[in-house]
Amino acid sequence: MNPYLKIDHVGISFSRAGATTEVLRDVTLKIQQGEYVSIIGHSGCGKSTLLNIVAGLLRASTGGVLLEEHEVDEPGPDRAVVFQNHSLLPWLTVYENVALAVDKVFGGKRSRAERREWIMENLALVNMAHAKDKRPAEISGGMKQRVGIARALAMEPKILLLDEPFGALDALTRAHLQDQVMEIHARLNNTMIMITHDVDEAVLLSDRIVMMTNGPAATIGEVLTVALARPRRRLELVDNHEYNRCRAAVLEFLYARNRFVEAA
Ligand SMILES: Nc1ncnc2c1ncn2[C@@H]1O[C@H](COP(=O)(O)OP(=O)(O)O)[C@@H](O)[C@H]1O
Ligand SMILES: [Mg+2]
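Residues numbered from 1 in each chain as written. Chains lettered and ligands numbered in written order. Predicted model: local features only at pLDDT ≥ 70, side-chain atom pairs only at ≥ 80, totals over all residues. Heavy atoms only, no water.

Asker: I would appreciate a short explanation of the overall build of the protein in the present structure.
Answerer: A tally of helices and strands in the protein yields eight helices and 10 strands. In summary, the protein has a C-alpha radius of gyration of 19 Å against a globular reference of 18 Å for 264 residues, a match within 12%. Projected onto its principal axes, the C-alpha positions of the protein cover 55 × 50 × 45 Å. With 264 residues in all, the protein has 50% of them scored as buried. Within the structure as shown, the protein displays about 13,200 Å² of accessible surface, and the carbon and sulfur contribution to it stands at 51%. (Helix = DSSP H or I, 4+ residues; strand = E, 2+ residues; numbered from the N terminus. Rg over C-alpha atoms; globule rule 2.2 N^0.38 Å. Buried < 20%, exposed > 50% of the residue type's maximum accessible area, 1.4 Å probe, protein only. Areas by Shrake-Rupley, 256 points an atom, 1.4 Å probe, with all protein chains shown as cover.)

Asker: For this particular structure, what's the right way to read the packing of aromatic side chains?
Answerer: Aromatic ring pairs are described here by two measures, namely the spacing of the ring centres and the angle between the planes. Going through the model one piece at a time under the given rule, you end up with zero aromatic pairs. The lysine or arginine in question, Arg110, covers the ring of Phe106, its NZ or CZ lying 3.8 Å from the ring centre. One residue, Arg110, lies across the ring of Trp118, its end atom 5.2 Å from the ring centre. (Phe/Tyr/Trp six-rings, centres within 6.5 Å; stacked < 30°, edge-to-face > 60°. Lys NZ or Arg CZ within 6 Å of the ring centre and 35° of its normal.)

Asker: Explain unusual backbone geometry here, please?
Answerer: Leaving glycine out, the prevailing phi sign among residues is negative, and the prevailing peptide bond configuration is trans. The omega angle of the peptide bond from Gly215 to Pro216 is -10°, so this bond is cis rather than trans. For the bond from Arg230 to Pro231, the omega torsion is 0°, close enough to zero to count as cis. Looking at the element boundaries, Pro231 is found in the loop between strand 10 (220-225) and helix 7 (234-237). Despite not being glycine, His9 has its phi angle at roughly 45°, a positive value. By secondary structure assignment, the location of His9 is in strand 1 (residues 5-16). The backbone of Asn189 sits at a positive phi, close to 50°, despite the residue not being glycine.

Asker: I'm lost on the sheet that holds strand 6 (residues 79-82) in this one. Help?
Answerer: Each strand in a sheet pairs with another by means of backbone hydrogen bonds, the pair being arranged parallel or else antiparallel. The strand order 6-7-8-3-9-10 describes an open sheet built from six strands, whose pairing is mixed. Of all strands in the sheet, those with a lone pairing partner are strand 6 and strand 10, marking the two edges. For this sheet, the mean angle separating the axes of adjacent strands, direction not counted, is 20°. Sheet analysis places strand 9 (residues 208-212) next to strand 10, joined by five bridges and oriented antiparallel. Directly across from Arg208, in strand 10, lies its bridge partner Thr225. Helix-sheet contacts for helix 8 (residues 241-257) involve strand 3 (36-40), strand 9 and strand 10, and the interaxial angle to strand 10 is about 170°. (Pairing = 2+ DSSP bridges. Axes fitted to C-alpha atoms, helices over the stretch in contact; angles between N-to-C directions. Contact = heavy atoms within 4.5 Å.)

Asker: Explain the site of ligand 1 here, please?
Answerer: In the region of ligand 1, the neighbouring residues are Phe14, Arg16, Val23, His42, Ser43, Gly44, Cys45, Gly46, Lys47, Ser48 and Thr49. Separating an oxygen atom of ligand 1 from a side-chain N or O atom of Ser48 is a distance of 2.9 Å. A distance of 2.5 Å separates an oxygen atom of ligand 1 from a polar side-chain atom of Thr49. In the complex, the protein chains occlude 61% of the 570 Å² of accessible area that ligand 1 would expose alone. Elements with a minimum of two residues in the shell around ligand 1: strand 1 and helix 1 (47-55). Considering each element in turn, the shell around ligand 1 owes the most residues, three residues, to helix 1. Of the residues contributing to the shell around ligand 1, the split by class is three nonpolar, six polar and two charged. (Near = heavy atom within 4 Å. Polar contact = N/O pair within 3.5 Å; in protein donor to acceptor, adjacent residues only side chain to side chain. Nonpolar A, V, L, I, M, F, W, Y, C, P; charged D, E, K, R; others polar.)

Asker: Hey, could you run me through the environment of Arg208 in this one?
Answerer: Along the chain, the position of Arg208 falls in strand 9. When its relative accessible area of 17% is taken as the criterion, Arg208 is described as buried. C-alpha of Arg208 to C-alpha of Ala227: the two residues are 19 residues apart in sequence and 8.7 Å apart in space. Excluding its chain neighbours within four sequence positions, the residues that come into contact with Arg208 are Leu29, Lys30, Ile31, Glu35, Tyr36, Val37, Ser38, Val223, Leu224 and Thr225.

Asker: Which parts of the structure should I look at to understand the pairing of strand 7 (residues 159-163)?
Answerer: Each regular strand shows side chains that alternate between the opposite faces of the sheet. Within strand 7, five of the five residues are buried, leaving the element largely enclosed by the surrounding structure. Side chains Ile159, Leu161 and Asp163 of strand 7 all project onto a buried face; the interleaved residues Leu160 and Leu162 project onto the opposite face, where all are buried too. Here four bridges tie strand 6 to strand 7, and the two strands are oriented parallel to one another. Across the sheet, Val81 pairs through a bridge with Leu161, a residue of strand 7. In the sheet, strand 7 pairs with strand 8 (residues 191-196) via five bridges, with the strands oriented parallel. Among the inter-strand pairings, Asp163 is bridged to a residue of strand 8, identified as Ile195.

Take it as geometry only, folks, not as evidence of what the structure does.
The structure is reproduced here in structure tokens:
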């Protein structure tokens, strides 16, 4: 069976002031529809760069990305991105921020009433319907991330790309949003690629964890399958053998075999 998404021997180098840095080398990964894949690795190894190549925001120097056998060479609504720092427009309300994306994708295809209903359905999915008329400055960081997720989901993307989506949130808000994302994934069965540097988050949410080596010329060091049944409940996993095995494997990869070395 052909994979849904294929990252095929991707490499990328950046040139600056005559010097070239090879950031990624020979990254190959196949992802099936409905899979939840996390990418973990030390800061600066090239995780966001890889996600941006899948999003079509950056062009690979070598290799390429295929989504349902079509080459990805530009951004598109079939690959929605949620960034660490919400990217809501401050002068628009919560509703209008989601509407902007929905009108762009479905403007010619769905009636006004249908679009309105769809926007509200997606806000309800992240429990933000009550705040539809608020502006970003009036809501918390966690709520802003939820709106960002609603906006991304409302585009009905084939793949949702999450770049450290909970990284800027406090621990309690983060746990709450992780649970919500697990629920959404269970309900919609969408394909997710999430960057994180949080080992527990990676194990809790993922079907597979992709561990990147340190840069320059970073690549995939190891891929770990998390064989935990769903739905997963964080409290029940504390003394679960598989949970702890995965956790130990990721920690060992990151801190024993690929220790972060601060550049001079
Ligand atoms: N547009 C760019 N031009 C030059 N260097 C870049 C560019 N984007 C990223 N880099 C470099 O690529 C490396 C990986 O960055 P990034 O993908 O943001 O890492 P991560 O997300 O893993 O922390 C860093 O050394 C960064 O400086
Ligand atoms: Mg990054």
